[in-house]
Amino acid sequence: MRLKDKIALITGAGSGIGEATAKTFAREGAAVVVVDLNDEGGQRVVAEIRKAGGTAEFHHADIGKPAEIEHMIAFAEKQFGRLDILHNNAVFATVGHIGDLTLEGWQKTLDVGLTAYWYATKCAIGVMLPRGRGAIVNTASVSGLAGDYGLGAYNAVKAGVVNITRVTAIEYARKGIRCNCVCPGPIGTPPLLRMEDSRPDIVGRIKEAIPMGRLGQPQEIANVVLFLASDEASFVTGAFFVADGGLWAHSGMPSLTGQGPDW
Ligand SMILES: NC(=O)c1ccc[n+]([C@@H]2O[C@H](COP(=O)([O-])OP(=O)(O)OC[C@H]3O[C@@H](n4cnc5c(N)ncnc54)[C@H](O)[C@@H]3O)[C@@H](O)[C@H]2O)c1
């Protein structure tokens, strides 16, 4: 087991990538604190982990509220005595071109996607430092490495997540705390699956743009998070790990040979 006896907290673990990561961590021996503002999703994930023989507790929190972040870290400590792994993963994203975004949408995207990641990291460091060890894994995105039409606030947030990962890594590298991030490409989680139902044309074009020609699966991101959180990544810190079916490797330039992506 790759996370035997570790204590892990995952935000946004009631669905999608966070759910896959929570189940993977539990299978690998960690006790998992499943955090979500969606009680139904979070409790379902905990029940499924327990049914499979794992250890998990649900904690309701809206990570857009700093006091709730303090409570969630305190809950992990109270429940399990310490915290070894923090996976910042929950998200809110407003959609619209830069000139059309509202201040409210921009602010909420930053509060949940960036400020919360920093504040949870700050609170977790307070718990990890006395033991001189810990691993933090942030969910960034390929949207943190380049721009997307209509996702300006999210792009700013994810670029911020990539860089706060680096700062956390260098500042705590000699204190036993590692910090890395994963940059997924388009993944088949509920938001994209819902879009596939309502706008199959858009999701069809997304798949076409991905060299592998398909969406990623949540498990394919959980596998990366597992590596980064585990002691196997003991010399890895400050890294961003792209898992996107080749999307970010493409410059966006159309084929000079006229041959399409399925050539
Ligand atoms: N799905 C993709 O294509 C994709 C691509 C790149 C990056 N990501 C990133 O992966 C992460 C997970 O996304 P997902 O696709 O699994 O989404 P998802 O919607 O399936 O899961 C997100 C979970 O976060 C919870 N959540 C939202 N706001 C919250 C808050 N304020 N407090 C607590 N919980 C909250 C939701 O209730 C939900 O259960 C996000 O950081 C997202 O930006 C996703």
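All of these numbers come straight from a predicted model, not from anything done at the bench.

Structural notes on helix α8 (residues 218-229)
For α8, which comprises 12 residues, the first-to-last C-alpha distance of 16 Å matches the rise-based estimate of 16 Å (1.5 Å per residue) to within 8%. By the burial criterion, the buried members of α8 are Pro 218, Ile 221, Ala 222, Val 224, Val 225, Leu 226, Leu 228 and Ala 229. Summarising the contacts, the buried residues of α8 are in contact with α1 (16-27), β4 (85-88), β5 (134-139), β6 (177-184) and β7 (240-243).

Details of the site of the ligand
Ser 15, Asp 36, Asn 89, Tyr 154 and Thr 189 are the nearest of the 30 residues found near the ligand. Within the backbone of Asn 89, a nitrogen or oxygen atom sits 2.7 Å from an oxygen atom of the ligand. Considering the ligand on its own, with 830 Å² of exposed area, one finds that the protein chains cover 88% of that surface. Listed by contribution, the elements that provide at least two residues to the shell around the ligand are α1, α4 (103-128), α5 (152-172) and α6 (190-198). Per-class residue counts for the shell around the ligand are 16 nonpolar, 11 polar and three charged.

Re the pattern of salt bridges
Considering all chains together, one arrives at 15 salt bridges under this definition. Of the charged contacts in the structure, one is a salt bridge between Glu 232 and Arg 2, with a shortest N-O distance of 2.8 Å. Of this pair, Glu 232 sits in the loop between α8 and β7 while Arg 2 sits in the segment before β1 (7-11), and the two are 230 residues apart along the sequence. In this structure, Arg 214 engages Glu 220 in a salt bridge whose closest nitrogen and oxygen atoms are separated by 2.8 Å. On the accessibility criterion, Glu 220 (34% relative accessible area) is partly exposed. Three or more residues joined by partner-sharing salt bridges are found here, namely Glu 19, Lys 23, Arg 44 and Glu 48.

Digging into the packing of α4 against α5
Relative orientation of the contacting elements α4 and α5 amounts to 15 degrees, with a least axis distance of 8 Å. With respect to each other, α4 and α5 are oriented roughly parallel. Viewed along their axes, α4 and α5 form a crossing whose handedness is right-handed. Here Trp 106, Thr 109, Leu 110, Gly 113, Leu 114, Tyr 117, Trp 118, Thr 121 and Ile 125 of α4 lie close against α5, whose contacting residues are Gly 152, Ala 153, Tyr 154, Ala 156, Val 157, Lys 158, Gly 160, Val 161, Ile 164, Thr 168 and Tyr 172. Residues that form the contact of α4 with α5 fall into these classes: 13 nonpolar, six polar and one charged.

Cut-off values and rules
Residues numbered from 1 in each chain as written. Predicted model: local features only at pLDDT ≥ 70, side-chain atom pairs only at ≥ 80, totals over all residues. Heavy atoms only, no water. Helix = DSSP H or I, 4+ residues; strand = E, 2+ residues; numbered from the N terminus. Expected span 1.5 Å × (residues − 1). Buried < 20%, exposed > 50% of the residue type's maximum accessible area, 1.4 Å probe, protein only. Contact = heavy atoms within 4.5 Å. Near = heavy atom within 4 Å. Polar contact = N/O pair within 3.5 Å; in protein donor to acceptor, adjacent residues only side chain to side chain. Areas by Shrake-Rupley, 256 points an atom, 1.4 Å probe, with all protein chains shown as cover. Nonpolar A, V, L, I, M, F, W, Y, C, P; charged D, E, K, R; others polar. Salt bridge = Lys/Arg side-chain N within 4 Å of Asp/Glu carboxyl O. Axes fitted to C-alpha atoms, helices over the stretch in contact; angles between N-to-C directions. Parallel < 35°, antiparallel > 145°, perpendicular 65-115°, else oblique. Left-handed = near helix turned anticlockwise from the far one by under 90°.

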